Amino acid sequence: MSAAPEAESLLTPRNFAAFLLVSLIWGGTWLVIRDQIASVPASWSISYRFMIAASAMFALAAMRREPLRLVAGGLRWALLLGLFQFTLNFGFVYNAESYITSGLVAVMFALLVVPNAIFGRIFLGQPITGAFVLGSAIAALGVSLLFAHEWRSSPATLSDVLLGAALTVGGILSASAANITQAMEGAKRQPFLALLAWSMTAGAVINTIYALVADGPPQFDPRASYTLGILYLGLAGSVVTFPLYYGLVRKVGAGRAAYSSVIVPIVAMVLSTLFEGFEWGLLPATGAVITLVGMVVAMRGRANAPPRRATPEP
């Protein structure tokens, strides 16, 4: 039996360029979401985003001459992913940014590896190491310092900050449920791009039905920034990054590729500082550093690769 091929280095020019591009694109999605909810109900903005993303994902699969049809049982997996990832996850995230800054939501989302590990242990039998528990605890301490700063410096009330945090946790748990679903054997048997395309289609349909019931007829902001934001989130934030990220997973391993979870919140916090007026001081700087150090420790402590992610950062 031949030995498994050795993983490539993340630092080779091609791999590192892909890693940086994915991290920068995902880091920018958080601030764009903030603009999307300024004038249009979140449910409609999410619907438009995944109408575009699903169409482009089908087109990408066709260009690559990959199957567009799902195998037996595929519709069930597409509906589950569409519900967890492209409906609940993004619904929570978009609404969370109505209460707290986009950078803070992004930092919290770096903790996605924690429920991934817990659910992975329950449903997939993946072990959790002591180093992972330690790193997660360190990261949680850092996030608590960031929230203390948000409460003290923001005009938002404590209840608003807590509501934003609760909505973000809902988004994290929904995304994690999608990740575990994606890692199950039935989902892994599906053609990857086709599964994503049909899942996005399901998400767009569910969001549209919800939007019609909760927010009435379609609403659209004629501003150029709104239209460009939808295109950025649907195309760059979804279709461009998926092949790059999973290419990295195959070449350098899921653990190394997941270090984007550390870079993304850094990008998001920088953008939040520039465009949302996030003010740095000793408390938030300490919290950000502690959070990122904790995430590095946690990811290095994972014995197994994390579950396949149904989507990247929002």
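Above: the structure in question.
Residues numbered from 1 in each chain as written. Predicted model: local features only at pLDDT ≥ 70, side-chain atom pairs only at ≥ 80, totals over all residues. Heavy atoms only, no water.

J.: Would you mind going over the side chain of Ser102 in detail, with residue names and values included?
T.: As for its placement among the helices and strands, Ser102 is situated in helix 4 (residues 102-109). Accessibility expressed as a relative area gives 1% for Ser102, which makes it buried. When neighbours within four sequence positions are excluded, Ser102 is seen to be in contact with Trp30, Leu31, Arg34, Glu97, Ser272 and Glu276. (Helix = DSSP H or I, 4+ residues; strand = E, 2+ residues; numbered from the N terminus. Buried < 20%, exposed > 50% of the residue type's maximum accessible area, 1.4 Å probe, protein only. Contact = heavy atoms within 4.5 Å.)

J.: Outline helix 5 (residues 113-124), supporting the account with residue identities and numerical values.
T.: Along helix 5, the residues classified as buried are Val113, Pro115, Asn116, Ala117 and Gly120. Positioned one or two residues after helix 5, Gly125 has a phi angle of 70°, which is positive.

J.: Give a detailed account of the packing of aromatic side chains, specifying residues and quantitative values.
T.: The geometry of an aromatic ring pair is captured by the separation of the ring centres together with the interplanar angle, meaning the angle of the planes. Under the definition given, this model contains eleven aromatic pairs. Their ring planes at 55° and their centres at 4.9 Å tell us that Phe50 and Phe86 sit as a pair that is tilted. Of this pair, Phe50 sits in helix 2 (residues 42-63) while Phe86 sits in helix 3 (residues 74-96), and the two are 36 residues apart along the sequence. On the basis of relative accessibility, which here comes to 1%, the residue Phe86 falls in the buried class. Ring centres of Phe90 and Tyr94 lie 6.4 Å apart, and the angle between their planes is 65°; on these two criteria the pair is classed as edge-to-face. Remark: Tyr94 and Phe90 occur in helix 3; sequence separation between them is four residues, near one turn of the helix. Here Phe90 falls in the buried class, since its relative accessible area comes to 1%. For Tyr94, a relative accessible area of 0% corresponds to the buried category. Joined through ring pairs, the aromatic side chains of Trp44, Tyr48, Phe220 and Tyr226 make up one cluster. (Phe/Tyr/Trp six-rings, centres within 6.5 Å; stacked < 30°, edge-to-face > 60°.)

J.: Break down the nonpolar core for me, with residues and values.
T.: Counting residues in each nonpolar core, the largest one holds 63 residues, and the members touching the most others are Trp30, Phe50, Met57, Tyr94, Phe147 and Met200. Top contributing element to this core by residue count: helix 2, with nine residues. Not counting residues within four places of it along the chain, the set of residues in contact with Tyr94 comprises Ile33, Gln36, Ile37, Ala42, Ser45, Ile46, Arg49 and Leu233. (Core = buried A, V, L, I, M, F, W, Y, C linked by side-chain atoms within 4.5 Å.)

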